[in-house]
Amino acid sequence: MDLLLQVITNGLTVGGTYALGAIGVSLVFGVLNIINFGQGASYTVAAYIAMVLMVSAGAPVVLAFAGGIVAAFVVGWIVERIAVRPLRDQPLLMSLITTMGLGLIIENLAHFIFGPQTQPLSPTLTADVFQLGTITVSTWEVVTLAVVVGAIACLHYVLHHTDFGTAVRAVAEDRRAAQLLGIDVDRLIVVSFCIASAMGGAAGVLGAALYNSIYPTMGSLSMTKAFAASVLGGMEQIAGAIVGGLLLGIAESVTSVYLSSAWRDAIAFGLLVAVLVVKPTGLLGRRGLDKVERTNLSIFPLPPVPKLDLRQPLLVLPIVVAAALPLVITDAYYLRVLTIMAMSGTIALSLNLIAGFAGLVSLGHAAFYGFGAYATAILSTRYGVPTWISMGLAIAATGLFGAVFAWPMMRLRGHYVAMGTFGLSGVVWMVMLNWIDLTRGPMGIRAIPAPSFFGSELRGVGFYYLILAILVISTFAVLALLNSPFGRALRAMRDDELGMASVGVDPRVVKAKVFIVSAAIAGAAGAFWAHYISFISPDSFTPVVSISYLAMVVLGGLGSVPGAIFGGAVLAALPELLRFASEYRLAIYGLIMVLIILFRPQGLLGRRHDAPTRKAPVARGAVVKEVG
């Protein structure tokens, strides 16, 4: 019993920092109905500013902590003005990509300024330990809990006993009505964003003090915990964020002691998925699922789907050019870049089915890509299955896995689909990382054999033609699908899911089928990658990778088949082309993402919302008959 009390105490301390971050997530979600992926940047900036003030300037701890929180407040202002305000009336995807891009820029700048290594918050930072009955408590744990309670109390007072708090609740309920009542909505939103970021900054400084360690990517993992805690309690409820953070901290602490510390981070992803399956709106959430949708993706009309007709020059010419490139580009390095571009184009093409044509914001595509890679690697190295057969089995298995993956998503809509797929991707990643007997964990799987063709192993240009063949076959399959009655049902679900259901087409069946096809294509790319580089590890399939794939689709053009391929190829090549500025490479990558979304939100090859469209008349009854 004493051990359990100690574990719970430690969990409450860590959970308090999660609660602060989750409050920031819930505050932004409640006011703007968006997910702020730049929240992690406030963690990182606040921790580093506190470190600089303590180590370089010799500032007292309290002043250093206050400086870190003020810096996070400023980060919130920057994110709101640059990445959110211009896109308020756009779909969720737009602000998601821009906030992620800004977060990437800030993390890369921290990496450049302070280096990649883990550093102590302060070499002189110590914590006295004392006994509280049978429980051992450190002074930093007491300070953390005191700050958490104080911050929550202050925020509660502001939201419930001031005119500003009344205005916040009014805007959260109905922004347009609040504006008609004379509330300065712009000012209120930016202040709310800054307060949310300051909460994240407080969590970052306290977390850095508890563990006395800082590193540039610390905000990414903390962001995941904050999102999980917010969803667990109910994303639109501040009280739910507090409860979710504390429960998550306790669950992680119990898991670390009674199961294994290796599975500690899996708890956040697992709880996220479990709550969404059982009670999608969270433990304390009250908002119905019919109210969580933002502006529909249909504000970006779908470009015409190309016909699968080999007599069309626009369909054949790109294939001929791609096939001829190795005749011109013979350098091994650039041939490798072309291979990676084709593979990324294949993955983006598969995700475009879900995000572009089905209108589902999926943040879990790295799970399919990784599943295909690990399936073929395990079959070929452990069981000696011939390479071509193992790749085929991996593709089929990934398609079936896509159906399993889709099942928890059947009840979800809007933001909850995004968070659910992100959580499932995290669960898959943690399995890859910790199921040592099957995946070899962080060590990865080595010596994956290359495919043989007529007795000769594929090398260099042979791998390029293999992934090009996978891309071409996948493109033909997608075009055939989109020009079928099922494809029309898919686009109908994107525009009006309830309307489609009202004419007899079951959205759950459509979702399951599109996830199966999308997963199989991504699994083919993953299987190719495993044999191409002959080594895989969990680092290639993190949940953050899923966001990068979604960025490829959005930047190319949602619902555009050539746009998805183009976006995937360009963003895959960009880091390689920016190697001359290796220290700033990821910052430039994030900046380009932000600029494209701000100035061309429909994507590079997408259709503008005011562009004329031609819609062929489609009999709904025919769709019902052939799809249902």
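Residues numbered from 1 in each chain as written. Predicted model: local features only at pLDDT ≥ 70, side-chain atom pairs only at ≥ 80, totals over all residues. Heavy atoms only, no water.

**Quick look at the pattern of salt bridges**
Point 1. Enumeration over the complete set of coordinates arrives at six salt bridges.
Point 2. Lys225 serves as the salt-bridge partner of Glu252, at 3.0 Å between the closest nitrogen and oxygen. Of this pair, Glu252 sits in helix α10 (residues 238–258) while Lys225 sits in helix α9 (residues 218–233), and the two are 27 residues apart along the sequence. Each member of the pair, Glu252 together with Lys225, is buried.
Point 3. Across the pair Asp506 and Arg508 runs a salt bridge, and its minimum N-O distance is 3.2 Å.
Point 4. You can call Asp506 partly exposed: its relative accessible area is 28%.
Point 5. Through salt bridges with shared partners, a single ionic network connects Lys225, Glu252, Arg264 and Asp265. (Salt bridge = Lys/Arg side-chain N within 4 Å of Asp/Glu carboxyl O. Helix = DSSP H or I, 4+ residues; strand = E, 2+ residues; numbered from the N terminus. Buried < 20%, exposed > 50% of the residue type's maximum accessible area, 1.4 Å probe, protein only.)

**With respect to the packing of helix α5 (residues 139–161) against helix α6 (residues 163–173)**
Point 1. Where α5 meets α6, the axes come as close as 5 Å, and the angle between the chain directions of the two elements is 75°. With respect to α6, the axis of α5 lies roughly perpendicular. When α5 is examined against α6, the residues Val158, Leu159 and His160 are found in contact with a partner set consisting of Phe164, Gly165, Thr166, Val168 and Arg169.
Point 2. Split by residue class, the contact of α5 with α6 holds four nonpolar, three polar and one charged. (Axes fitted to C-alpha atoms, helices over the stretch in contact; angles between N-to-C directions. Parallel < 35°, antiparallel > 145°, perpendicular 65-115°, else oblique. Contact = heavy atoms within 4.5 Å. Nonpolar A, V, L, I, M, F, W, Y, C, P; charged D, E, K, R; others polar.)

**Points about the packing of aromatic side chains**
Point 1. One pass over the full model with this rule turns up 22 aromatic pairs.
Point 2. Ring plane angle 80° and centroid distance 6.2 Å describe the contact between Phe37 and Phe422, whose orientation is recorded as edge-to-face. In this pair, Phe37 is assigned in the loop between α1 (2–32) and α2 (39–55) and Phe422 in helix α16 (residues 415–434), connecting sequence segments 385 residues apart. One exposure class covers both Phe37 and Phe422, and it is buried. (Phe/Tyr/Trp six-rings, centres within 6.5 Å; stacked < 30°, edge-to-face > 60°.)

**Overview of the side chain of Ser26**
Point 1. When you line up the elements, Ser26 lands in helix α1.
Point 2. Judged by relative accessible area, which is 2%, Ser26 ranks as buried.
Point 3. Once residues within four sequence positions are removed from consideration, Ser26 is found in contact with Ser230, Gly234, Met235, Gln237, Ile238 and Ala241.

**Notes on the nonpolar core**
Point 1. Ranked by size, the top nonpolar core spans 181 residues in total, and within it Phe37, Leu121, Leu490, Ile536 and Leu550 carry the most contacts.
Point 2. Element by element, the count of residues in this core is highest for helix α21 (residues 507–533), at 13 residues.
Point 3. Those residues in contact with Leu490 that lie beyond four places of it in its chain are Leu353, Phe357, Ala358, Leu482, Val510 and Val514.
Point 4. With six residues, the next largest nonpolar core counts Ala322, Leu335, Leu468 and Val472 among its residues. (Core = buried A, V, L, I, M, F, W, Y, C linked by side-chain atoms within 4.5 Å.)

**Considering the state of the cysteines**
One covalent bond between the sulfur atoms of two cysteine residues makes up a disulfide.
Point 1. What the rule picks out here adds up to zero disulfides.
Point 2. Cysteine Cys154 is unpaired, with the sulfur of Cys194 as its nearest cysteine sulfur at 17 Å.
Point 3. Cys194 gets classed as buried once you look at its relative accessible area, which sits at 2%. (Disulfide = S-S within 2.5 Å.)

**Regarding unusual backbone geometry**
Point 1. Backbone geometry places Asn212, a non-glycine residue, at a positive phi of 50°.
Point 2. Of the residues examined, Asn212 reaches a relative accessible area of 25% and is grouped as partly exposed.
Point 3. Positive phi values are uncommon outside glycine, yet Ser534 reaches one of about 60°.
Point 4. Structurally, the position occupied by Ser534 is in the loop between α21 and α22 (543–556).
Point 5. The class of Ser534 is partly exposed, set by a relative accessible area of 29%.

**Considering helix α15 (residues 387–406)**
Point 1. With 20 residues, α15 extends 28 Å from end C-alpha to end C-alpha; this agrees with the ideal 28 Å at 1.5 Å per step.
Point 2. Buried residues of α15: Thr387, Ser390, Met391, Ala394, Thr398, Gly399, Phe401, Gly402, Phe405 and Ala406, and no others.
Point 3. Where the residues of α15 are buried, they touch α14 (365–382), α16 and α21. (Expected span 1.5 Å × (residues − 1).)

**A look at the packing of α1 against α5**
How two helices sit against one another is set out by the angle between their axes and by the gap between those axes.
Point 1. Where α1 contacts α5, the two axes come as close as 9 Å, and the packing angle between them is 35°. For the element pair α1 and α5, the recorded crossing hand is left-handed. Together, Asn10, Leu12, Thr13, Gly16, Thr17, Leu20 and Ile23 of α1 and Glu141, Thr144, Leu145, Val148, Ala151, Ile152 and Leu155 of α5 make up the contact between the two elements. (Left-handed = near helix turned anticlockwise from the far one by under 90°.)

**Comments concerning the confidence of the model for the protein**
Point 1. Scored by pLDDT, the protein comes out at a mean of 85, with 92% of its residues at no less than 70.
Point 2. Looking across the protein, the model is least confident in helix α25 (residues 620–627), with a mean pLDDT of 37, and most confident in α14, with 95.
Point 3. With pLDDT under 50 throughout, residues 288–295 is counted as low confidence; its partners more than four residues away or in other chains account for 29 contacts. (pLDDT = per-residue confidence, 0-100.)

**Some remarks on the side chain of Ser192**
Point 1. Tracing the sequence through the fold places Ser192 in helix α8 (residues 185–211).
Point 2. Given a relative accessible area of 4%, Ser192 falls into the buried group.
Point 3. Those residues in contact with Ser192 that sit more than four places away from it in its chain are Leu27, Val31, Phe164 and Val168.

**Some details on α21**
The periodicity of an α-helix, 3.6 residues per turn, causes residues three or four places apart in sequence to face the same way.
Point 1. Taking 1.5 Å per residue as the helical rise, α21 with its 27 residues ought to reach 39 Å, and the 39 Å between its terminal C-alpha atoms agrees with that figure.
Point 2. The buried fraction of α21 is high, at 21 of 27 residues.
Point 3. Here α21 starts with a cap whose side-chain oxygen sits 3.0 Å from the backbone nitrogen of Arg508, and that cap is Asp506.
Point 4. Two residues or fewer after α21 comes Ser534, characterised by a positive phi angle close to 60°. (Polar contact = N/O pair within 3.5 Å; in protein donor to acceptor, adjacent residues only side chain to side chain.)

**So, the environment of Val570**
Point 1. With respect to the element layout, Val570 can be found in helix α23 (residues 561–577).
Point 2. Along the backbone, Val570 and Lys225 are 345 residues apart, and their C-alpha atoms lie at a distance of 31 Å.

**Digging into the pairing of strand β2 (residues 135–138)**
Point 1. Bridge analysis of strand β1 (residues 129–132) against β2 gives four bridges, and the strand direction is antiparallel. Within the sheet, the bridge partner assigned to Val129 lies in β2 and is Ser138.
Point 2. In textbook terms, the turn of a hairpin is the stretch between consecutive antiparallel strands, and for β1 and β2 this stretch comprises two residues, one of which, Gly133, has a positive phi near 70°. (Pairing = 2+ DSSP bridges.)

**Description of the environment of Met430**
Point 1. Mapped onto the secondary structure, Met430 falls in helix α16.
Point 2. Residue classification places Met430 among the buried residues on the basis of a relative accessible area of 2%.
Point 3. Along the sequence, Met430 and Ala266 sit 164 residues apart, while their C-alpha atoms lie 5.8 Å from each other.
Point 4. Excluding its chain neighbours within four sequence positions, the residues that come into contact with Met430 are Ala262, Trp263, Asp265, Ala266, Phe269 and Trp435.

**Structural notes on the environment of Gly165**
Point 1. Structurally, Gly165 can be placed in helix α6.
Point 2. Residue class for Gly165 comes out buried when judged on its relative accessible area of 0%.
Point 3. Taking C-alpha positions, Gly165 is 9.6 Å from Leu188, a pair spaced 23 residues apart along the chain.
Point 4. Other than its neighbours up to four places away in sequence, Gly165 contacts Val158 and Leu159.

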